[in-house]
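# Structure at a glance
What follows is the residue order along each chain.
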Amino acid sequence: MAKMGDMWGQLGSVMASMMFAYAMFKQFFPDNLGDILEKYGQKLVAYVYPYIQITFDEYDSDFYRRSEVYSAIQSYLSAKSSTRAKRLKAHEVKGSKALVLGMDENEEVTDEFEGVKLWWASKKSATKKASFSFFPDYDERKMYKLTFHRRHRDVVMGSYIDHVRQEGKAIAVKNRQRKLYINNTGKGTKWSHVVFEHPATFETLAMDPKEKQSIINDLLKFGKGKDYYKKIGKAWKRGYLLYGPPGTGKSTMISAISNLMNYDVYDLELTAVKDNTELRKLLIDISGKAIIVIEDIDCSLDLTGQRKKKKVEEAKDGDEKDQILKKQEEEENTTSKVTLSGLLNFIDGIWSACGGERLIVFTTNYVDKLDPALIRRGRMDKHIKLSYCCYEAFKVLARNYLDLETHELFGTIERLLGETDMTPADVAENLMPKSDVEDAVSCLKNLIEALEAAKEAARVKAEEEAKQKAEEEAKLKAEEEAKQKAEEEAKLKAEEEGKVKAEKEEKEKKDESTKEEVKCNGTLVEKVINNLI
Ligand SMILES: Nc1ncnc2c1ncn2[C@@H]1O[C@H](COP(=O)(O)OP(=O)(O)OP(=O)(O)O)[C@@H](O)[C@H]1O
Ligand SMILES: [Mg+2]
């Protein structure tokens, strides 16, 4: 019975060949005889082959998305096949208690539902792709084939397939091993994954308890919001922007969110995405119950296109311009061409609604660098600032790292944390015992020492900065004074020169008139003498 499906499949192809042969010879029979033969032929086929086959392909017809029904059947059959199939495929899933078993190719299992017997077979077919390559390229199609007697058609269509889907989904959720997906593996538009095993939870996350609770409430409400989002006509997704200095727990919070919500994490490396089309393809491949993470978003996307253009325009020299353009072209070929608008579409374009519940999380150290369009509410709905360690956050770390709820040194630490900035990462590092002989008290003392050192360093830095600022101000002032002095001197000099010039002109004028007078007098004397003579 194990090869029941195959047997009927072969019989089916024999019948098909007979029908083909019949079609070839049909033209030699009189019309009415042909009709009679066809009618009885079909009856004969139905009589001999009373089984129906349904095929479930791994991918939807457009090859964009893995079929949900296929995945559900796979989970459903993995439970059946591990007890019934003879040839199994074993996948070792790290961290799971047992091997995950599935049907091997061309293997069959039987199933029973409401007294109806059904046969499932796993198949694989390869069709040759149209390609000019020397080596032929094949498209592999995996599928499940369901065979059942035609008298059970109503049961199968009415309830069995639905039962398989529901059961399969429930099994998948139960066995779900969360995954961390990455896209920067040189496989183009494909995600590859590892098992997600980060132990961080909201309990171990050090931050202000009120803020923490509000984030947890927000997430839980989102998780239960399927009907609500449908009612308000919004895609079931929510954006979180996590910002703050390095080592304040942004990445840790993403793990805590994944552990709280039981979502997979898709760590999207934007710089490895070729262009907007590739970005969209990646988006389509993301399943529901997912956190899409773009870390250090300010470094991932080139928002400086404008500035580059300007640089080219500024370059006057033709050679210089060519060089800049050539360099830019080279850069463009090697770097990602994902644009801001491509990313905005990724977050809330029409495609972003495919696939079910999703969280989109951006992290950055420099929130001011981001384009306001990227982080406006509606895209990044909740902005969470992760900051330096406060006393409340320290208490969480002390509980996690040292099992301490309170201690007399806590007071000193509270004061010091109020006086200096230290990231939770640094506090945690100081609280961690480095050897077996180190106990909780020595760790607290280490932290106090580190805080005092940090305070001293901050004081020295502030002093140096103040000194540098004062020096710069003094330099600026001196420069300003020198400039003013120079201006005044120049003015004085100009005045002096003007005065000298005016005097000179006056003198020249005077000399001129004296000359004129002398000339006149000479002429007069000459005239008088002439008259006298
Ligand atoms: N708020 C926190 N609660 C608990 N542990 C923390 C917290 N912040 C930092 N840590 C510890 O410090 C380490 C570094 O933190 P994390 O990687 O989350 O920082 P980040 O904010 O993502 O830094 P970056 O901006 O450099 O990516 C973590 O492994 C964790 O052990
Ligand atoms: Mg980080």
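Residues numbered from 1 in each chain as written. Chains lettered and ligands numbered in written order. Predicted model: local features only at pLDDT ≥ 70, side-chain atom pairs only at ≥ 80, totals over all residues.

The protein chain is annotated in an unreviewed UniProt entry as AAA+ ATPase domain-containing protein from Malus baccata. UniProt, in its Cofactor (unreviewed entry) section for the protein chain, records the words "Mg(2+)". (UniProt positions renumbered as here; feature names shortened; annotations may be inferred.)

### Overview of the overall build of the protein chain
Looking only at helices and strands, the protein chain has 17 helices and 13 strands in total. Per-residue burial over the protein chain gives 20% buried out of 533 residues. (Helix = DSSP H or I, 4+ residues; strand = E, 2+ residues; numbered from the N terminus. Buried ≥ 20, exposed ≤ 12 C-beta atoms within 10 Å, placed from the backbone.)

### A look at the site of ligand 1
Near ligand 1, the surroundings consist of 15 residues, among which Ala-206, Pro-246, Gly-249, Pro-424 and Ala-425 are the closest. Those elements that place two or more of their residues in the shell around ligand 1 are α7 (250–261) and α16 (424–431). A domain split of the shell around ligand 1 shows at least three residues from each of domain 2 (192–301 + 338–385) and domain 3 (391–470). (Near = placed C-beta within 6 Å. Domains from an automatic or database assignment.)

### With respect to the confidence of the model for the protein chain
If pLDDT is low for a region, its predicted coordinates should not be looked at in detail. For the protein chain, per-residue confidence averages 82 on the pLDDT scale, and 80% of positions sit at 70 or higher. Note that pLDDT drops below 50 for residues 93–97; the model gives that stretch eight contacts with residues more than four away or on any other chain. Below a pLDDT of 50 lies the segment residues 303–310, which in the model reaches three contacts outside its immediate sequence neighbourhood of four places, other chains included. What the predictor reports for the complex is a pTM of 0.64 with an ipTM of 0.98. (pLDDT = per-residue confidence, 0-100. Contact = placed C-beta atoms within 7 Å.)

### Re the sheet that holds strand β9 (residues 237–243)
For sheets, the rule is that strands pair by backbone hydrogen bonds, running either parallel or antiparallel. Here we have seven strands laid out as an open sheet, ordered β8-β7-β10-β11-β12-β9-β13, and mixed in their pairing. The sheet is open, and its two borders are formed by β8 (192–195) and β13 (382–385), each paired with just one other strand. Adjacent strand axes in the sheet meet at a mean angle of 20°, parallel and antiparallel pairs treated alike. Examined bridge by bridge, strand β7 (residues 179–182) and strand β10 (residues 264–267) share three bridges and lie parallel to one another. Bridging across to β10, Ile-182 finds its partner in Asp-267. (Pairing = 2+ DSSP bridges. Axes fitted to C-alpha atoms, helices over the stretch in contact; angles between N-to-C directions.)

### Points about α16
Along α16, the positions that sit buried rather than exposed are Pro-424, Val-427, Ala-428 and Leu-431. Taken down its axis, α16 places every buried residue within 100° of arc, on the same side. Buried residues in α16 make contact with α14 (391–402) and α17 (440–532). (Arc of directions from axis to C-beta.)

### Regarding the environment of Ser-287
Mapped onto the elements of the fold, Ser-287 is located in the loop between α8 (276–284) and β11 (290–294). The exposure class assigned to Ser-287 is buried, which follows from the 20 C-beta atoms found within 10 Å. On a C-alpha basis, the gap between Ser-287 and Glu-357 in space is 8.5 Å, while along the polypeptide they are 70 residues apart. Sequence-distant contacts of Ser-287, defined by excluding residues within four places in its chain, comprise Asp-264 and Gly-355.

### Quick notes on the environment of Thr-201
Structurally, the position occupied by Thr-201 is in the loop between β8 and α5 (209–223). Take Thr-201: there are 14 C-beta atoms within 10 Å of it, and that puts it in the partly exposed class. A sequence separation of 56 residues divides Thr-201 from Ile-257, and the C-alpha atoms of the two residues are 7.4 Å apart. When sequence neighbours within four positions are dropped, the list of residues in contact with Thr-201 reads Ala-256 and Asn-259.

### Observations regarding unusual backbone geometry
A positive phi angle is found at Glu-114, which is not glycine, with a value near 50°. Within the secondary structure, Glu-114 is located in the loop between β4 (108–113) and β5 (116–128). Of note, the phi angle at Asn-262 is positive, near 60°, even though the residue is not glycine. Within the element layout of this structure, Asn-262 appears in the loop between α7 and β10.

### Things to note about the nonpolar core
General note: in soluble globular proteins, nonpolar side chains tend to be found buried as a group. The biggest cluster of nonpolar side chains holds 59 residues, and the ones touching the most others in it are Tyr-266, Ile-291, Val-293, Val-361 and Leu-397. Broken down by element, this core gets its largest block of residues, six residues, from α14. Split by domain, the residues of this core number at least three in each of domain 2 (192–301 + 338–385) and domain 3 (391–470). Apart from the residues within four sequence positions on either side, Ile-291 is in contact with Ile-254, Ile-257, Ser-258, Tyr-263, Val-265, Tyr-266, Leu-359 and Val-361. Counting residues in hydrophobic clusters, the runner-up holds 15 residues, among them Ala-72, Leu-118, Trp-119 and Val-156. (Core = buried A, V, L, I, M, F, W, Y, C linked by C-beta atoms within 7 Å.)

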